[in-house]
Amino acid sequence: MYQLAPNIELLFTEAGDYHDRVRAAAAAGFDAVEMWGPTGADAPSTPKDLPALKAALEETGTQLTAQLAEPRTQFMIPPWDHSEFFRKLDEGVEIAHFLGTPRMVVGSGTGFGGWKRQVQLDKLIEIYQKAIAQIDGSGITLVLEPVNVRVDHPGSLLDRTAEAVYVARGVDSPFFGVLYDIYHSAVEGEDMAVELENAGSLVKYVQLADAPGRGEPGSGSLDWAERFGILRAAGYDGPVGLEYYPTQESAASVALIRDLAASA
């Protein structure tokens, strides 16, 4: 049975603020949630109420499985000043420790047309080797997320799972891996079984949404029994983040995927 972690930016928003969404998810039977960054999705300049969030997590016994590293730095665009990313990385680790989060999600940012793609991928390796060295001993794992450029993230450098795997192999740390998002991969037309076989143990976190539409499983055309079968055959047994835009009330939207995860 897979541990499912509803994304509280998108799910259980009916409950109100983030800490109340944690309680609503727990009341619906979940023992884990995920979120985006420490700031609010609707108001990026406004920090989340982290003490209230921690209290809700502890009160309900809920695990926060992942949070985003902020800012989502545009690594490849001149003047290549990454100082804010590295400064905020330490803050993110402190918050992760405060909330009990074992992993932080990182990205590639937008690519730069003046450099060959291979050069940019190698630059990402250099950046994340430095990041891993900076947070050495923290116990926090960084997971690199490739995202689709066809629908949701036009201009992003990293849109292929295999290239994220290449970067992770280059960083070469047990505390650095790949976030495999079933939705993004499907939109890019990838073969899930092939990508997971290539990635192997470098996949350290998984997220999902249906395609097309990025709604809950059952709202699109993906075969979710098949997808979970591929995930299990690949050897992944970690948590799965539910990062989708529900087309119905949150508790109803999770019904199908909970049933499938229970038998996967």
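Refer to the structure above for everything that follows.
Residues numbered from 1 in each chain as written. Predicted model: local features only at pLDDT ≥ 70, side-chain atom pairs only at ≥ 80, totals over all residues. Heavy atoms only, no water.

Let us now look at the side chain of Arg214. If you trace the backbone, Arg214 turns up in the loop between β8 (203-208) and α8 (224-233). A polar side-chain atom of Arg214 sits 3.4 Å from a polar atom in the side chain of Glu243. (Helix = DSSP H or I, 4+ residues; strand = E, 2+ residues; numbered from the N terminus. Polar contact = N/O pair within 3.5 Å; in protein donor to acceptor, adjacent residues only side chain to side chain.)

This paragraph deals with the pairing of strand β7 (residues 176-181). Burial analysis of β7 places six of its six residues in the buried class, the great majority of the element. Where strand β6 (residues 141-144) and β7 come together, three bridges link them in parallel fashion. Counted as the bridge partner of Leu142 is Phe176 from β7. Regarding the hand of the β-α-β motif, the stretch spanning β6, helix α5 (residues 161-171) and β7 is right-handed. As judged from the four bridges shared by β7 and β8, these two strands associate in the parallel manner. (Buried < 20%, exposed > 50% of the residue type's maximum accessible area, 1.4 Å probe, protein only. Pairing = 2+ DSSP bridges. Right-handed = clockwise from strand over helix to strand, strands pointing away.)

How two helices pack is summed up by the angle between their axes together with the distance between the axes. Look at helix α7 (residues 192-199) against α8: their axes get within 10 Å of each other, and the N-to-C directions meet at 20°. Looking at the two axes, α7 sits roughly parallel to α8. Note that α7 runs across α8; the crossing there is right-handed. Along its contact with α7, which presents Met192, Ala193 and Leu196, the element α8 presents Arg227, Ile230 and Leu231. In the contact of α7 with α8, the residues fall into five nonpolar, no polar and one charged. (Axes fitted to C-alpha atoms, helices over the stretch in contact; angles between N-to-C directions. Parallel < 35°, antiparallel > 145°, perpendicular 65-115°, else oblique. Left-handed = near helix turned anticlockwise from the far one by under 90°. Contact = heavy atoms within 4.5 Å. Nonpolar A, V, L, I, M, F, W, Y, C, P; charged D, E, K, R; others polar.)

So, on to α8. Given 3.6 residues per helical turn, the α-helix brings residues three or four places apart onto the same face. Taken together, the buried positions of α8 are Trp224, Arg227, Phe228 and Leu231. Down the axis of α8, the smallest arc covering the buried residues is 95°, so these residues share one side. Where α8 starts, the residue carrying a side-chain oxygen 3.2 Å from the main-chain nitrogen of Ala225 turns out to be Asp223. Phi turns positive one or two residues past the end of α8, at Gly235, with a value near 95°. (Arc of directions from axis to C-beta.)

One pass over the structure, following the stated rule, counts 14 salt bridges. Across the pair Lys48 and Glu9 runs a salt bridge, and its minimum N-O distance is 2.8 Å. In this pair, Lys48 sits in the loop between β2 (32-33) and α2 (50-60) while Glu9 sits in the loop between β1 (4-6) and α1 (18-27), placing the two residues 39 residues apart along the sequence. The exposure classification of Lys48 matches that of Glu9, with both residues buried. When salt bridges with common partners are traced through the structure, they connect Glu84, Arg87, Lys88 and Glu91 into a single cluster. (Salt bridge = Lys/Arg side-chain N within 4 Å of Asp/Glu carboxyl O.)

Right, let's get into the packing of aromatic side chains. Tallying each qualifying case throughout the model produces 11 aromatic pairs. Ring geometry for Phe12 against Phe30: centres 6.2 Å apart, planes inclined by 65°, an arrangement best described as edge-to-face. Pair noted here: Phe12 is in the loop between β1 and α1 and Phe30 is in the loop between α1 and β2, with a separation of 18 residues, a long-range link. Among the residues examined, Phe12 registers a relative accessible area of 4% and is labelled buried. With relative accessibility at 7%, the residue Phe30 sits in the buried group. Plain terms: the ring middles of Trp80 and Phe112 are 6.0 Å apart, the flat faces sit at 80° to each other, and that makes the pair edge-to-face. Here the residue Trp80 occupies a position in the loop between β4 (67-68) and α3 (83-99), and Phe112 occupies one in the loop between β5 (103-106) and α4 (117-134), the gap between them amounting to 32 residues. Residue Phe112 is classed as partly exposed on the basis of its relative accessible area, which comes to 26%. In this structure an aromatic cluster arises from ring pairing among Phe75, Phe85, Phe86, Tyr128 and Phe176. (Phe/Tyr/Trp six-rings, centres within 6.5 Å; stacked < 30°, edge-to-face > 60°.)

Let us look at the environment of Ala225. Its place among the elements puts Ala225 in helix α8. Taking the C-alpha atoms as reference, Ala225 lies 6.3 Å from Leu260; in sequence the two are 35 residues apart.

All right, on to the sheet that holds strand β9 (residues 240-242) then. Two pairing modes exist for strands in a sheet, parallel and antiparallel, and in both the strands are linked by backbone hydrogen bonds. In space, the seven strands of this open sheet follow the order β1-β9-β8-β7-β6-β5-β4, with parallel pairing throughout. Only two strands of the sheet have a single partner each, and these edge strands are β1 and β4.

Remark: α5 packs on α7, axes separated minimally by 10 Å, with the N-to-C direction vectors making an angle of 5°. Viewed along their axes, α5 and α7 adopt a mutual orientation that is roughly parallel. Along the contact surface, α5 presents Thr161, Ala162, Val165 and Arg169, while α7 presents Glu195, Asn198 and Ala199. Looking at the contact of α5 with α7 residue by residue, the classes come out as three nonpolar, two polar and two charged.

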